[in-house]
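The chain contents come next:
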Amino acid sequence: MVTRIPNNVRSAMADAAVDLIDAGPGAGTVQIRTGGQPATAGAAASGTLLGTLTLSDPAFGAAVNGVATAGAITGDSSADATGTAGWYRVLDSTGATVMDGVISEAGGGGDMILDKVVVVAGGTISITSWTVTQPAG
């Protein structure tokens, strides 16, 4: 037997996850980091912090068919370091970790798409799209 989840439940699950980003008094943030994603979202962040971007508040609109899409994201106009972006970590406004995931450029298969993954200190970091998907099972 395979567990199957209908779209309305998938959407509710995706909404519940992304709504945690909005906890606290302000907007959440997303850190862009080099290297590989840690084994769990509870593990210490690894890699070099390339930059931090501020999310909308709320960060996401309502999920459709289990897919939540991020709203407007303020780019980082002065990257902290030089490196190749590999993963991201999302924090609510209190600094609590909500989730992390893989980054790519368009067509690269990541759930967060940057305009470019090679970041230069002092340069810009822009997210072109970001979705969080609850699988159908």
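The preceding data block contains the structure.
The structure reproduced in this document is the subject of the present report. (Residues numbered from 1 in each chain as written. Predicted model: local features only at pLDDT ≥ 70, side-chain atom pairs only at ≥ 80, totals over all residues. Heavy atoms only, no water.)

Bringing the overall build of the protein into the picture now. The helix and strand inventory of the protein stands at one helix and nine strands. N-terminal to C-terminal, the α/β element order of the protein is α-β-β-β-β-β-β-β-β-β. Against the 2.2 N^0.38 benchmark of 14 Å for 137 residues, the protein shows a C-alpha radius of gyration of 15 Å, consistent with a compact globule. Taken along the three principal axes of its C-alpha coordinates, the protein extends 50 × 35 × 25 Å. Taken over 137 residues, the protein has a buried fraction of 39%. Looking at the protein alone, contacts between residues at least 24 apart form 64% of all its contacts between residues at least 6 apart. Summed over its atoms, the accessible surface of the protein is roughly 6,600 Å², and 57% of this surface lies on carbon and sulfur atoms. Charge centroids of the protein, computed over 5 positive and 11 negative side chains, lie 10 Å from each other. (Helix = DSSP H or I, 4+ residues; strand = E, 2+ residues; numbered from the N terminus. Rg over C-alpha atoms; globule rule 2.2 N^0.38 Å. Buried < 20%, exposed > 50% of the residue type's maximum accessible area, 1.4 Å probe, protein only. Contact = heavy atoms within 4.5 Å. Areas by Shrake-Rupley, 256 points an atom, 1.4 Å probe, with all protein chains shown as cover. Lys, Arg positive; Asp, Glu negative; His and termini not counted. Charge placed at Lys NZ, Arg CZ, Asp CG, Glu CD.)

Quick look at unusual backbone geometry now. Backbone torsion omega between D57 and P58 reads 15°, so that peptide bond is classified as cis. Within the element layout of this structure, P58 appears in the loop between β2 (49–55) and β3 (67–69). In this model, N65 sits at a positive phi of 50°, which is unusual for a non-glycine residue. Note on N65: relative accessible area 44%, which makes it partly exposed.

As a further point, take the packing of aromatic side chains. All told, the structure shown has two aromatic pairs when counted by the stated rule. Look at F60 and W130: their rings are 4.8 Å apart centre to centre, the planes differ by 70°, and that puts the pair in the edge-to-face class. Linking F60 in the loop between β2 and β3 with W130 in strand β9 (residues 127–133), this pair joins segments that are 70 residues apart in sequence. A relative accessible area of 7% places F60 in the buried class. Overall, W130 belongs to the buried group, its relative accessible area being 2%. Ring geometry for Y88 and W130: centres 5.5 Å apart, planes at 75°, overall edge-to-face. Residue Y88 is located in strand β5 (residues 83–91), and its partner W130 is located in strand β9; the two are separated by 42 residues in the primary sequence. Judged on exposure class, the residue Y88 and its partner W130 are both buried. Chaining the aromatic ring pairs together yields one cluster made of F60, Y88 and W130. (Phe/Tyr/Trp six-rings, centres within 6.5 Å; stacked < 30°, edge-to-face > 60°.)

Alignment of strand β1 (residues 29–34) against β2, held across five bridges, turns out to be antiparallel. When the sheet's bridge partners are listed, I32 is paired in β2 with G51. Across two bridges, the pairing between β2 and strand β4 (residues 73–74) is antiparallel. Looking at β4, one finds that T54 is bridged to T74. (Pairing = 2+ DSSP bridges.)

Let us now look at the nonpolar core. A general trend in soluble globular proteins is that nonpolar side chains are found buried together. Residues I21, V30, I32, F60 and W130 are the most contacted members of the largest nonpolar core, which totals 28 residues. At the level of elements, α1 (7–19), β1, β2, β5, β6 (97–104), β7 (112–114) and β9 are the ones that each hand at least two residues to this core. What I32 contacts, discounting residues up to four positions off in sequence, is T48, L49, L50, G51, L53, A85, W87, Y88, I103, M112, L114 and I125. (Core = buried A, V, L, I, M, F, W, Y, C linked by side-chain atoms within 4.5 Å.)

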